[in-house]
Amino acid sequence: MSEKKKTFCRNCSALCSLEVTVQEGRMTGATPDGTASPYGAYMCAKGLASIDFHNGAEERLMSSLKRQGPGDYRPVAAAQALDEIAGRLSALIEQYGPRSVALYHGTGAYRSVLGAQLEKSFLSAIGTPNLFSTMTIDQSAKWVTAGRMGVMASGKPALRDVDVAVIVGNNPVVSHQTYPFGPGESGAPGRAFAAARARGTRIIVVDPRRSETARYADLCLQPLPGQDAVLFAAIAHILLRDKTFDRAFCDRFTTQMDALRAAVAPFTPALAARRADVPIAQIELAAQWIGEARRPFVGSGTGPSMSAHSNLNDHMIEVVNALAGGYRRAGDRVWNPGTLNPRRVVETAVAPTRSWERGVMCRTAEIGHLFGEFPTALLPQEILVPGPDKIRALIVFGGNPLMGLGDPDRAIPAFQDLDLLVSLDARMNETARLAHYVIATSQPYERHDISTAGDSLYPQAFAQYAAPVVAKPQGVMDDWEFFWGVASRMSLPLTLKYWNYGQVFDAIPEGLPLGIDEPPDPEEMIRFLCRKSTVPFETLRANPSGVRPDLPPQYVLAAPEDNGARLELCPHDVAKELEGVLQERQDERFGYHLTCRRILEALNSAYRESSAVRRRYPVNWAYFNPDDMAREGIGEGDTVRLQSEAGTVVGVAKSDSGLRTGVISMTHMFGDLGPSTDPPGQGGSFTGRLTSLQDCLEPINFMPRFSGIPVNVQRC
Ligand SMILES: Nc1nc2c(c(=O)[nH]1)N[C@H]1C(S)=C(S)[C@@H](COP(=O)(O)OP(=O)(O)OC[C@H]3O[C@@H](n4cnc5c(=O)[nH]c(N)nc54)[C@H](O)[C@@H]3O)O[C@H]1N2
Ligand SMILES: Nc1nc2c(c(=O)[nH]1)N[C@H]1C(S)=C(S)[C@@H](COP(=O)(O)OP(=O)(O)OC[C@H]3O[C@@H](n4cnc5c(=O)[nH]c(N)nc54)[C@H](O)[C@@H]3O)O[C@H]1N2
Ligand code: SF4
Ligand SMILES: [Mo]
């Protein structure tokens, strides 16, 4: 007998609504469910792969493991693992204090809602400031910009209202990563771009590679990587030169216009064209369209934030958005005011905080919290450098930091130095292979979740509750059960709160206190997270396809009075960095730049072993422009050696005529941590070997160079 059950995918922030077929307690298929979804029916290859993974593909872990010796893991009963972990954490805290404990929040943790909420309570109960996440090895440049420039509380316009969309180093058609960073819709992104074009929206893509998203572009600039600061300084230069910036917006909401004018004066279109190697006419045309726009949205993905001048690139991209007034304005329709956590949207600036300049600091660098986190690139030295506060225990929640960080020669010894390394995962990934305990966790269709991650991102108000579709295997636990289980053994009571980015956990007033004797009921916890919801929990539970509430139209409100806050367009450190860029010389030692790119079928290091990936990507191809291949004498499928300042990898060449010359493009987190010698045998090439956790770290967020890495190429 088979039944159909509604749920949603939790791989990425699109949170696609699905209908899953269940036969005798086992899932046999999934189809997109367009009943209520704000994107209509939509699903990608990873939605299907997740069903196989639940069913045991890719050697899914069915029991927690304890390390006996190098590479020797034996199953351990869940309760025993929790007892031992709690005992070791208590002993470390007793001897060395709470700072000896740290947590790394990986990509798999973001949509494990109850786990992620209890994680915050767990850290607060222990009293450690050591929270690290993928955000600081991803797009923390956006946090730095918010901290240096400030933000508009009204946010950015929805794609349906935008008349010029500028998409910089972001490929949402593959990555589904869009709002609030870049214009677009995370579910069915191609459909949303096609509809935008049909409405007359002009789309500008800025990417060294003619990406899948560039199929929808009216104009595609293909700069050399790492030149976004120069390019967008030049666009700002043109907007100021031609007086096509939004003067009314800038007068009202920004400051430091004179400093900006002076700082971008040397960044002429000719200079940017030379540095970025794009035609002047394209820079002028992009600036013209942005200047003409009634409702622009200039935003970026990982490309600029992973390249040289990460924070400056991001700042200058945001400067152009601010000059163009690319924010929701008073009177604009708010299509999605939030459902679980409804918000009033007010047109007002929020002053920069520069949170990293004060408060609790890293041990090994003069840098404080960025949105409540320390820079992940500093994790190895925070573990290794001797001192009373050194990190001795690390909990990895839904992550694979050894692959994510790169520079294995530096990262591996640090992880090996830990007294306690715990990995919460359903995969035995590269980091788990060094852990003392691997906690086998349940997978999304086996647990309770709610669409908090989409609440402000959906293109219209929508919420969905997912109850388990199938029972979890006997030996696995939910992520939240780990945090509650360890805390209760340490006699630390936890509190469930509806925490959101930018909030300080301890400062959130309301919470659901959880006892230490009886485990909480997950449905009760979800009900608590819905307590402010426009749609009551009971209604969500009764409508498993999700609910689009029928709300009266809402609009951005004008601020009742001027709070005095302004967007700081050109603070002193930004002006100094711009000056530095101006002086910079090209590094003549290297002939190419290696860039990042994502593929539809894998999610960072997850799903690498899915059948779809192994069929299409036996290795992560090293893509080249065909002219570069001809010049280097490299043929299709040839083995090539890529050498950066930090290391070497061997890759398999493939031509991509959409890629500009001088640039190589590879997907990250393939292969293994060892020296790269045999890509087919190693499942690809680990590009992290080309990055350094010591050299070329950016100021403030310590972002390593993950894109635009200078390399030389040699045919093997
Ligand atoms: N299918 C799939 N989806 C994913 C992921 C995945 O692995 N697979 N990962 C998820 C994660 S963790 C994240 S953070 C998001 C990321 O989402 P995106 O930011 O959209 O990631 P990418 O697809 O790598 O796109 C980055 C683009 O930047 C370009 N680029 C590289 N360097 C530069 C530069 O210096 N300047 C400019 N202008 N462009 C540059 C690259 O050519 C590439 O097209 O995707 C998420 N979604
Ligand atoms: N060279 C280079 N390096 C990069 C990047 C790049 O583009 N180039 N990208 C960077 C970026 S943007 C990121 S985000 C990081 C990614 O770094 P990580 O997030 O550390 O790596 P992932 O491979 O995404 O690890 C996610 C893990 O979560 C597990 N998981 C999935 N769902 C769940 C769940 O519900 N519960 C639990 N407990 N586990 C779950 C998966 O099995 C997987 O092992 O890497 C960064 N590193
Ligand atoms: S786009 Fe794919 S991976 Fe992301 S939620 Fe939808 S089905 Fe899942
Ligand atoms: Mo990411």
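Residues numbered from 1 in each chain as written. Chains lettered and ligands numbered in written order. Predicted model: local features only at pLDDT ≥ 70, side-chain atom pairs only at ≥ 80, totals over all residues. Heavy atoms only, no water.

The two faces of a sheet get side chains in turn, since along a regular strand they alternate between them. Counted residue by residue, strand E17 (residues 393-397) has 5 buried out of 5 residues, so it is predominantly covered. Of the two faces of E17, the one carrying Ala-393, Ile-395 and Phe-397 and the one carrying Leu-394 and Val-396 are both buried. In this structure, E17 lies alongside strand E18 (residues 420-425), joined through 5 bridges in parallel fashion. Note on E18: the bridge partner recorded for Leu-394 is Leu-421. (Buried < 20%, exposed > 50% of the residue type's maximum accessible area, 1.4 Å probe, protein only. Helix = DSSP H or I, 4+ residues; strand = E, 2+ residues; numbered from the N terminus. Pairing = 2+ DSSP bridges.)

What follows is about the side chain of Ser-644. Mapped onto the secondary structure, Ser-644 falls in the loop between strand E29 (639-643) and strand E30 (648-655). On the basis of relative accessible area, Ser-644 is assigned to the buried category, the value being 6%. One polar contact links the side chain of Ser-644 to the main-chain carbonyl oxygen of Leu-690, over a distance of 3.0 Å. Apart from the residues within four sequence positions on either side, Ser-644 is in contact with Phe-590, Leu-690, Ile-709, Pro-710 and Val-711. (Polar contact = N/O pair within 3.5 Å; in protein donor to acceptor, adjacent residues only side chain to side chain. Contact = heavy atoms within 4.5 Å.)

For ligand 2, the set of nearby residues contains 30 residues, the closest of which are Tyr-104, Thr-107, Asp-425, Arg-447 and Ser-605. Within the backbone of Gly-398, a nitrogen or oxygen atom sits 3.1 Å from an oxygen atom of ligand 2. Separating a nitrogen atom of ligand 2 from a backbone N or O atom of Leu-424 is a distance of 3.0 Å. Summarising the interface, the protein chains cover 94% of the accessible area of ligand 2, which totals 920 Å² for the free molecule. Residue assignment for the shell around ligand 2 shows that the elements contributing at least two residues are helix H15 (401-405) and E18. Partitioned by chemical class, the residues of the shell around ligand 2 number 10 nonpolar, 14 polar and 6 charged. In this structure, the shell around ligand 2 is formed jointly by two domains, domain 2 (65-138 + 355-531) and domain 4 (585-715), each of which donates at least three residues. (Near = heavy atom within 4 Å. Areas by Shrake-Rupley, 256 points an atom, 1.4 Å probe, with all protein chains shown as cover. Nonpolar A, V, L, I, M, F, W, Y, C, P; charged D, E, K, R; others polar. Domains from an automatic or database assignment.)

Here the focus is the environment of Ala-196. Tracing the sequence through the fold places Ala-196 in helix H6 (residues 189-198). Ignoring sequence-local partners within four residues, the contact set of Ala-196 consists of Leu-159 and Thr-201.

The next subject is the site of ligand 3. All residues adjacent to ligand 3 are Cys-9, Asn-11, Cys-12, Ala-14, Leu-15, Cys-16, Met-43, Cys-44, Lys-46, Gly-47 and His-176. Taken together, the residues of the shell around ligand 3 break down into 7 nonpolar, 3 polar and 1 charged.

What follows deals with the nonpolar core. Counting residues in hydrophobic clusters, the biggest one holds 58 residues, and the most contacted among them are Ile-204, Phe-232, Leu-260, Met-316 and Leu-323. Counting residues per element, this core draws most heavily on helix H7 (residues 228-241), which supplies 11 residues. With residues up to four places along the chain from it excluded, the contact list for Ile-204 reads Val-164, Ala-165, Val-166, Ile-167, Leu-219, Leu-221, Ala-286, Trp-289 and Ile-290. Core analysis: the next-biggest nonpolar cluster, separate from the first, contains 51 residues, Ile-85, Ala-393, Leu-424 and Phe-483 among them. (Core = buried A, V, L, I, M, F, W, Y, C linked by side-chain atoms within 4.5 Å.)

One open sheet accounts for 3 strands, arranged E1-E2-E3; its pairing is antiparallel. Two strands close off the open sheet at either side, each with one partner strand: strand E1 (2-8) and strand E3 (26-32). Direction aside, the axes of adjacent strands within the sheet are offset by 30° on average. As judged from the 7 bridges shared by E1 and strand E2 (residues 17-23), these two strands associate in the antiparallel manner. If you follow Lys-6 over to E2, its bridge partner there is Glu-19. Lying over the sheet, helix H1 (residues 45-54) contacts E2 and E3, oriented at roughly 175° with respect to E3. (Axes fitted to C-alpha atoms, helices over the stretch in contact; angles between N-to-C directions.)

Here we come to the packing of aromatic side chains. With the rule as written, the count across this model stands at 16 aromatic pairs. Relative to Phe-624, the ring of Tyr-592 lies with its centre 6.4 Å away and its plane at 75°, an arrangement referred to as edge-to-face. Of this pair, Tyr-592 sits in strand E27 (residues 592-596) while Phe-624 sits in strand E28 (residues 622-624), placing them 32 residues apart in sequence. Exposure class is identical for Tyr-592 and Phe-624. Each is buried. (Phe/Tyr/Trp six-rings, centres within 6.5 Å; stacked < 30°, edge-to-face > 60°.)

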